[in-house]
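What follows is the residue order along each chain.
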Amino acid sequence: IWEHAVIRADLESITIGNGSNVQDCCVLHVPPDDCIVIGEEVSIGHGAIVHGAQVDDDCIVGINATLLDGVHVERGCIVAANAVVPPGTHIPANSLAAGVPARVIKQDEKLLDFVRENASITGTCGNGTWMAPTVVIGLVAELVEGEGPPLGNTFFLVVVQLVVAGLNVGLRRD
């Protein structure tokens, strides 16, 4: 649990699994008659909000993402930075979800490998404290062109970048 994270289990329980991290300025809060379950090897990115949601093992919740009441994120998922996952949403295993409101934009078993690599790349700072990888996940561009529905043909470029001590690993979807 990193500095300035707020974990409020004043109404019901919050469970955080082994090997998981809740980074700086996150808020985990439980509504009445609900609970929060964070699985094992989960990274909750800086400033994320988890309110009455369940996140299964081996997931990444991106920087400033919001998971609202009743959300269930299955194993091996990535919720992109700044995504807002509406109440009651179910994100199936091995999915990349992005947007406001969040929607699944990719399903691929390789996402689980990426998430596991993220969880395994940890180290120590000079003073012996634990250092977590920084994950930057963003919806970079949406270009609209051509004819068709009101938005035309949509092109998404999603970049998932892992930055740890100069190591860059990218995943791109066109």
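Calculation notes
- Residues numbered from 1 in each chain as written.
- Predicted model: local features only at pLDDT ≥ 70, side-chain atom pairs only at ≥ 80, totals over all residues.
- Heavy atoms only, no water.
- Helix = DSSP H or I, 4+ residues; strand = E, 2+ residues; numbered from the N terminus.
- Buried < 20%, exposed > 50% of the residue type's maximum accessible area, 1.4 Å probe, protein only.
- Contact = heavy atoms within 4.5 Å.
- Areas by Shrake-Rupley, 256 points an atom, 1.4 Å probe, with all protein chains shown as cover.
- Salt bridge = Lys/Arg side-chain N within 4 Å of Asp/Glu carboxyl O.
- Core = buried A, V, L, I, M, F, W, Y, C linked by side-chain atoms within 4.5 Å.
- Pairing = 2+ DSSP bridges.

Undergrad: When you look at the overall build of the chain in this model, what are you seeing that I'm missing?
TA: The number of helices and strands found in the chain is one helix and 21 strands. Counting every position in the chain, which comprises 174 residues, the buried fraction comes to 39%. Expressed as a percentage of contacts within the chain between residues at least 6 apart in sequence, the contacts between residues at least 24 apart total 16%. In the form shown here, the chain has an accessible surface area of approximately 8,700 Å², with 53% of it arising from carbon and sulfur atoms.

Undergrad: When you look at the pattern of salt bridges in this model, what are you seeing that I'm missing?
TA: In a structure, side chains of opposite charge can pair up when their charged atoms sit close to one another. Scanning the model with the defined rule gives four salt bridges in all. Put simply, Asp-108 and Lys-106 hold a salt bridge, and the shortest N to O gap is 3.9 Å. A relative accessible area of 17% places Lys-106 in the buried class. Residues participating in the shared-partner salt-bridge network are Asp-58, Arg-75 and Arg-116.

Undergrad: I would appreciate a short explanation of the environment of Val-85 in the present structure.
TA: Turning to its location among the elements, Val-85 is positioned in strand E13 (residues 84–85). In the structure, Val-85 is positioned 19 residues away from Thr-66 in sequence and 6.0 Å away in space, judged by C-alpha atoms. If we skip the residues at most four places from it in the chain, Val-85 touches Thr-66, Leu-67, Leu-68, Val-71, Val-79, Ile-91 and Ala-102.

Undergrad: Would you mind showing me how to read the nonpolar core here?
TA: As a rule of thumb, nonpolar side chains are buried together in soluble globular proteins. In this structure, Ile-44, Leu-67 and Val-73 are the most contacted members of the largest nonpolar core, which totals 26 residues. Not counting residues up to four positions away in its chain, the partners in contact with Ile-44 are Asn-21, Val-22, Gln-23, Cys-26, Ile-38, Val-50 and Val-61. Judged by nonpolar contacts, the second largest core, of nine residues, contains Ala-80, Leu-96, Ile-105 and Leu-111.

Undergrad: Please clarify how the pairing of strand E15 (residues 95–98) should be interpreted in this entry.
TA: The two faces of E15 match: Ser-95 and Ala-97 on one face and Leu-96 and Ala-98 on the other face are all buried. Both E15 and strand E16 (residues 103–107) contribute to a ladder of four bridges, which runs antiparallel. For Leu-96, the partnering residue across the bridge sits in E16 and is Lys-106.

Undergrad: Mind showing me how you'd approach the environment of Ala-93 here?
TA: Position of Ala-93 relative to the elements: it lies in the loop between strand E14 (90–91) and E15. If near-sequence neighbours (up to four positions away) are discounted, Ala-93 is found in contact with Glu-74, Arg-75, Cys-77 and Gln-107.

Undergrad: Is there a simple way to think about the sheet that holds E13 in this case?
TA: Backbone hydrogen bonds hold the strands of a sheet together, and the pairing may be parallel or antiparallel. Taken in spatial order, the five strands make up an open sheet running E1-E4-E7-E10-E13, and their pairing is parallel. Each having just a single partner strand, strand E1 (6–8) and E13 make up the two edges of the open sheet. Pairing analysis gives three bridges linking strand E4 (residues 27–29) to strand E7 (residues 49–51), with the strands arranged parallel. Pairing of Leu-28 across the sheet is with Val-50, part of E7.

Undergrad: Can you walk me through unusual backbone geometry in this structure?
TA: Apart from glycine, the bulk of residues carry a negative phi angle, and the bulk of peptide bonds sit in the trans form. For the peptide bond that leads from Val-100 to Pro-101, omega is 0°, which places it in the cis range. Residue position: Pro-101 is located in the loop between E15 and E16. With phi around 60°, Asn-64 is a residue other than glycine that occupies positive phi space. Inspection of the secondary structure assignment puts Asn-64 in the loop between strand E9 (60–61) and strand E10 (66–67). The exposure class assigned to Asn-64 is partly exposed, which follows from its relative accessible area of 40%.

Undergrad: Honestly, the sheet that holds strand E12 (residues 78–79) in this entry has me stumped. Any pointers?
TA: As summarised here, the arrangement of the six strands in space is E3-E6-E9-E12-E15-E16, forming an open sheet in which the pairing is mixed. Two strands lie at the open edges of the sheet, namely strand E3 (21–22) and E16, each paired on one side alone.

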